[in-house]
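Report on the structure
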Amino acid sequence: MRQPRLYVRFIVRGRETSNFTYELANQAELAVFVANALGRPWQEIAGYIDELDGDKEFLSAVSERLRQRKGGSNKPMFGRRIGWYCIVRAVSPGVVVETGTADGLGTVLLARALARNAEEGFRGELLSFDIDPRSGWLLDESSASHVRLLIGDSAVTLPRALSGREVDVFIHDSDHSYVHEKAELALALDHAAERLVLISDNAHATTALHEICTDLGLDYLLFRERPLDHFYPGAGIGMAIVTRGVGVSMDDGQQIVGGSHPPDVDRAKGSEKGSEL
Ligand SMILES: C[S@@+](CC[C@H](N)C(=O)[O-])C[C@H]1O[C@@H](n2cnc3c(N)ncnc32)[C@H](O)[C@@H]1O
């Protein structure tokens, strides 16, 4: 146990059993990571974080919804998902995909970024996928207007929903087994818009995204979050920017086939049955 004091505090005060929530000790680093990845000034990205911090109406609406659950804090703590918010604000995407809705903590944040974009004249839609019909309960009417929730195994629902569509931002956060993750990322590449921001929320645990980057000659980027006052060591944002015609052509017959390589033994430890977050 790395931090027994924090673990005891968690047992006494918190009741989350998975998908833990916490604030970040390295939020400033996250702004720099996103800025560098997107080639934008860090001040712009830090501005999106300030915008979110000051968004009392949104934060209190999420807090109100969080009151409904039995475990955990009512305070919305988005952790690395703040990076997702900044990305959606910065690139004003038309189509965002999140696989793995769960309660909807990432979903409401992405929806809020889309709402802000819409106020500025850029309309976008979030498709969020989960196998569990109880998922997405954090969404209220205002977030729901930017989101389509699709219930079912994403191995089936994702190819169906993306048929004939292009994706600007793709976030894998569903079944964290290597094979499932790689298949989702491969499908995202098949549906890449002119510029796709490809994200894996599981990049700290498997090599799926890293292998895709190596195969296609893309830069592989990884942010490791540091949870504040929490025993969980944190997850990460694995990211690649796929630009059509630069570095990799999506039309040259290259194919990434999900599950074609075994996971790296060290980094993928435990990941065949899925990592915790
Ligand atoms: C880590 S949670 C998602 C967390 C969420 N994105 C957030 O920001 O809090 C993983 C979710 O993936 C869902 N899931 C697992 N296997 C799936 C599958 N094959 N298809 C779709 N969703 C799946 C689970 O039901 C769970 O809600």
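The number of helices and strands found in the protein chain is 10 helices and eight strands. Restricting to contacts in the protein chain with at least 6 residues of sequence separation, those with at least 24 account for 75%.

Bringing the confidence of the model for the protein chain into the picture now. Confidence in the prediction for the protein chain averages 85 pLDDT; 82% of positions are at 70 or higher. Within the model, the stretch residues 249-277 combines pLDDT values under 50 with 50 contacts to residues more than four positions away or in other chains.

This part covers the site of the ligand. Every one of the 20 residues lining the ligand counts as a neighbour, but Gly100, Ala102, Gly106, Ser154 and Asp175 are closest to it. Those elements giving two or more residues to the shell around the ligand turn out to be strand S1 (95-99), helix H6 (105-119), strand S2 (125-130) and helix H8 (154-162). Grouping the constituent residues of the shell around the ligand by class yields six nonpolar, seven polar and seven charged.

Here the focus is the environment of Ser154. Position of Ser154 among the secondary structure elements: in helix H8. Under the C-beta neighbour-count criterion, Ser154 is labelled buried, with 23 such atoms within 10 Å. When the C-alpha positions of Ser154 and His180 are compared, they lie 8.9 Å apart, and in sequence the two are 26 residues distant. Excluding its chain neighbours within four sequence positions, the residues that come into contact with Ser154 are Thr99, Phe129, Ser174 and Glu184.

Between its terminal C-alpha atoms helix H3 (residues 42-53) stretches 16 Å, which fits the 16 Å expected from 12 residues at 1.5 Å a residue. Regarding H3, the residues found buried are Ile45, Tyr48 and Leu52. What you see down the axis of H3 is that its buried residues fit within an arc of 50°, all on one side. More than 90 degrees from the buried face of H3, the exposed residues found are Gln43, Asp50 and Asp53. Of the surrounding secondary structure, the elements contacted by the buried residues of H3 are helix H2 (27-38) and helix H5 (81-91).

A few words on the nonpolar core. In terms of nonpolar packing, the biggest core is built from 61 residues, with Tyr85, Ile87, Val88, Leu110, Phe170, Ala188 and Leu198 touching the most fellow members. When residues of this core are assigned to their parent elements, the largest contribution, eight residues, is made by H5. Every residue in contact with Val88, bar those within four places of it in the chain, is listed here: Pro93, Val96, Leu110, Ala113, Leu114 and Val169.

What follows concerns the environment of Pro76. Position of Pro76 among the secondary structure elements: in the loop between helix H4 (56-66) and H5. Each C-alpha atom of the pair Pro76 and Leu59 lies 6.7 Å from the other, and the pair is 17 residues apart in sequence. Look past the residues within four positions of Pro76 in its chain and what remains in contact with it is Leu59, Val62, Ser63 and Leu66.

So, on to the pairing of S2. When you tally the buried positions in S2, you get five out of six residues, the bulk of the element. Here five bridges tie S1 to S2, and the two strands are oriented parallel to one another. By the bridge assignment, Val95 is partnered in S2 with Glu125. Assessed by its sense of winding, the connection that carries the chain from S1 through H6 to S2 is right-handed.

The description of two helices packed together rests on the angle between their axes and the distance between the axes. Running from N to C, H5 and H6 point in directions that differ by 25°, and their axes come no closer than 9 Å. Comparing the axis directions of H5 and H6 gives the class roughly parallel. As for how H5 packs across H6, the hand of that crossing is right-handed. Here Arg81, Trp84, Tyr85, Val88 and Arg89 of H5 lie close against H6, whose contacting residues are Leu105, Gly106, Leu109, Leu110, Ala113, Leu114, Arg116 and Asn117. Taken together, the residues of the contact of H5 with H6 sort by class into eight nonpolar, two polar and three charged.

Scoring rules and cut-offs
Within every chain, residues take consecutive numbers counted from 1 along the sequence as written. Only residues with pLDDT of at least 70 are given local features in this predicted model, and only at 80 or more are side-chain atom pairs given and counted; all residues enter the totals for whole chains, interfaces and linings. Strands are runs of DSSP state E lasting at least 2 residues, helices are runs of H or I lasting at least 4, and numbering of each runs from the N terminus. Note on contacts: residues are paired as contacts if their backbone-placed C-beta atoms lie within 7 Å. As a per-residue measure, pLDDT reflects the predictor's confidence and takes values from 0 up to 100. Whether a residue is near a molecule or strand depends on its C-beta atom, generated from backbone atoms, being within 6 Å of that molecule or strand. Residues are grouped as follows: nonpolar covers Ala, Val, Leu, Ile, Met, Phe, Trp, Tyr, Cys and Pro; charged covers Asp, Glu, Lys and Arg; every other residue, Gly included, is treated as polar. Partly exposed residues are those whose C-beta has more than 12 but fewer than 20 other C-beta atoms within 10 Å; 20 or more makes a residue buried and 12 or fewer makes it exposed, with C-beta atoms placed from the backbone. Multiplying one less than the number of residues by 1.5 Å gives the expected span of a helix. By construction, the arc corresponds to the directions joining the helix axis to the C-beta atoms. In these notes, a nonpolar core means any group of buried Ala, Val, Leu, Ile, Met, Phe, Trp, Tyr and Cys residues linked to one another through C-beta atoms within 7 Å. Here, any two strands with at least 2 DSSP bridges between them count as paired. Note on handedness: a clockwise path from strand one over the helix to strand two, with the strands aimed away from the viewer, defines a right-handed crossover. Axis definition: a line fitted to C-alpha atoms, limited for helices to the stretch in contact. Angles are taken between N-to-C directions and run from 0 to 180 degrees. Here is the rule for angles: anything less than 35 degrees is roughly parallel, anything more than 145 is roughly antiparallel, 65 through 115 is roughly perpendicular, and the remaining ranges are oblique. We call a crossing left-handed when the near helix sits turned anticlockwise from the far one by less than a right angle, and right-handed when that turn is clockwise.

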